[in-house]
Every structure is written in C-alpha cells, then in structure tokens.
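Summary of structural features
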Amino acid sequence: MTDVQPPPWAGLAPVGEYPYEETHDLRTGPDLHPALLGMLPLVGVWRGRGQGDYPTIEGDGFHYGQEVRFSHDGRPFLSYESRSWVIDADGNPIRPANRETGWWRPVLVDGKPTDEIEVLLGQPTGIMELYIGQAKGTTQWQMATDAVVRTATAKEVRAAKRIYGIVEGALLYAIDLAAMGQPLQPHLSARLERVAG
C-alpha cells in the first residue's frame, strides 16, 4: 500500500486577485511593448454597426451592433475581444450574435517586429481560426486563415479573409468567408468608432 501524498499546494497561503494590469487606454497601465508600435492605433474600445449576408442566410441579410476591445498588458501581443448583437434598422437590439476572443501578435525576427502578423481567434460556436497576415503601415491589416479547427458540432468553415483599416479615425473591416459548401465570398463589414482609449 502506498502512502497518499498531499497535493503540492495543500496548506499554502491563498492567492490574491490577478496582480497585473491590462489596459485599452494608452494613458494608463503598463507601457506598450515596442513591438506593438505598428498596432498602436488599434488599442482601445470601438463600437458601431455592421451588415452581414451569406447565401445560407434567408432574407436580405442582417444588421448588427458590435463592440471590439484591443488591450495589452505590456507584453508583445494585443488581447482582442468582440461582442456583437443583431439589431433592427433603428439600432434596437434583437438578440445576441457572435463573440470572438483572441490575440494579435506581430511576427518578431531577432526580437524586432516585421510587417507580418499572426491572429488567433476562438468563437463559442466551436471554431478556432489562425490567421497569417501583413500590416500595411499603421493603418491597415490584411490576413487569411492558415488553419481552421472546429468541433464535431460546429458549422463547417473552411477559410476566411479579413481586412481591417483605420479610416478617418474609425475602424473599418470586411470579412470574406468560405463555409457550408460555399466558396470564399463577402460575409461581414462594419464601421466602428472609438469610444474609449
């Protein structure tokens, strides 16, 4: 019979709340990592409306509200969170829609950022996407999926392309999607205004 050993954490002092600050406001919190200077215009909270359509969606598409948050904790990546909701023509909420969370990372060579980016996104619908892309200065980011992983219960998604840009102070984007037996084609686009950061 073997002696049962207590787990290594048994009897140790309790741990407090997470001790490191993350911010979407460049005026507070940790300094932005130098590798993120090319993504600096993204940092903040953005809110606005968009439109979506796809051949597998009945009707004339849909309108949605969205809030996107890009934040950092001083390390060389941005934390990304997106929440969206279906709205009517007057902007009134109808129901929750897609959520995404993930990270935007500049590709570093010898510790220095290049114009290449990696974006990792997860969705509660059982889909995870790895995008490889390129920054065009500090106002445009283009990317395409390098891998799409999905659970057995998720809808079939094969590929996607995204383009984000800062235009006249707003964050605009367009997403093309290949899913449900359909070829790559336009799916979502939105204009978001900075509301914090």
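Per chain, the residues get numbers from 1 upward, laid out in the order the sequence is written. For this predicted model, a pLDDT threshold of at least 70 governs which residues receive local features, and a threshold of 80 or more governs which side-chain atom pairs are given and counted, while totals over whole chains, interfaces and linings are taken from all residues. For the side-chain quantities, the full set of heavy atoms in the structure was used; hydrogens and water were omitted.

Right, let's get into the packing of aromatic side chains. Aromatic rings in a pair are described by how distant their centres are and how their planes are angled relative to each other. Centres within 6.5 Å are what make two rings of Phe, Tyr or Trp a pair, Trp counting through its six-membered ring; a difference in plane orientation under 30 degrees is then read as stacked, over 60 as edge-to-face, and the rest as tilted. Per the counting criterion, the structure on display carries seven aromatic pairs. Centroid distance Tyr18 to Tyr20: 5.6 Å. Interplanar angle 70°. Geometry classified as edge-to-face. Exposure classes here rest on a 1.4 Å probe applied to the protein chains alone. A residue is buried below 20% of its type maximum, exposed above 50%, and partly exposed in between. Of the residues examined, Tyr18 reaches a relative accessible area of 55% and is grouped as exposed. When its relative accessible area of 58% is taken as the criterion, Tyr20 is described as exposed. Ring centres of Tyr80 and Trp104 lie 6.3 Å apart, and the angle between their planes is 35°; on these two criteria the pair is classed as tilted. Taken together, the residues span a long stretch of sequence, with Tyr80 in strand 3 (residues 78–87) and Trp104 in strand 4 (residues 93–109) at a distance of 24 residues. Taking the relative accessible area as the measure of exposure, Trp104 reaches 1% and is therefore buried. Three or more aromatic residues joined by ring pairs make a cluster, and in this case those are Phe70, Tyr80, Trp104, Tyr164 and Tyr173. Strands are runs of DSSP state E lasting at least 2 residues, helices are runs of H or I lasting at least 4, and numbering of each runs from the N terminus.

Relative to the helices and strands, Thr23 resides in the segment before strand 1 (44–52). As used in this structure description, the phrase polar contact means that two N or O atoms lie within 3.5 Å; if the pair is within protein, one of them must be able to donate a hydrogen and the other to accept it, and residues adjacent in sequence are counted only when both atoms belong to side chains. In this structure the side chain of Thr23 is engaged in a polar contact, spanning 3.3 Å, whose partner is the side chain of Thr28. With residues up to four places along the chain from it excluded, the contact list for Thr23 reads Thr28, Gly29, Pro30, Ser71 and His72. Here a residue-residue contact requires only that any non-hydrogen atoms of the pair lie within 4.5 Å.

Lining residues are those with an atom within 4 Å of a point, where the points come from a 1 Å grid over the protein atoms alone and group into cavities, where a 1.4 Å probe fits but cannot get out, or pockets, open sets with protein on both sides within 12 Å along at least five of seven lines. Grid points are joined across faces, edges and corners, and a volume is the space filled by probe spheres set on the points. Estimated volume of the largest pocket: approximately 910 Å³. In terms of lining, the largest pocket is formed by 32 residues, of which the most central are Phe62, Asn98, Leu177, His187 and Leu188. When contributions to the lining of the largest pocket are tallied by element, the ones reaching two or more residues are strand 2 (62–71), strand 3, strand 4, strand 6 (127–136), strand 8 (157–167), strand 9 (170–179) and strand 10 (185–196). Classifying every residue of the lining of the largest pocket by side-chain character gives 19 nonpolar, eight polar and five charged. Classes in brief: Ala, Val, Leu, Ile, Met, Phe, Trp, Tyr, Cys and Pro nonpolar; Asp, Glu, Lys and Arg charged; the others, Gly included, polar.

Membership of the largest hydrophobic core comes to 34 residues, with the highest contact counts inside it found for Leu42, Phe70, Trp104 and Trp141. Contributions of two or more residues to this core are made by strand 2, strand 3, strand 5 (112–123), strand 6, strand 7 (140–150), strand 8, strand 9 and strand 10. Here this core gets five residues from one element, more than from any other, and that element is strand 9. For Leu42, the contacting residues outside a window of four places in its chain are Phe70, Leu78, Trp104, Trp141, Ile166 and Leu171. Among buried residues, those of type Ala, Val, Leu, Ile, Met, Phe, Trp, Tyr and Cys that are joined through side-chain atoms within 4.5 Å constitute a nonpolar core.

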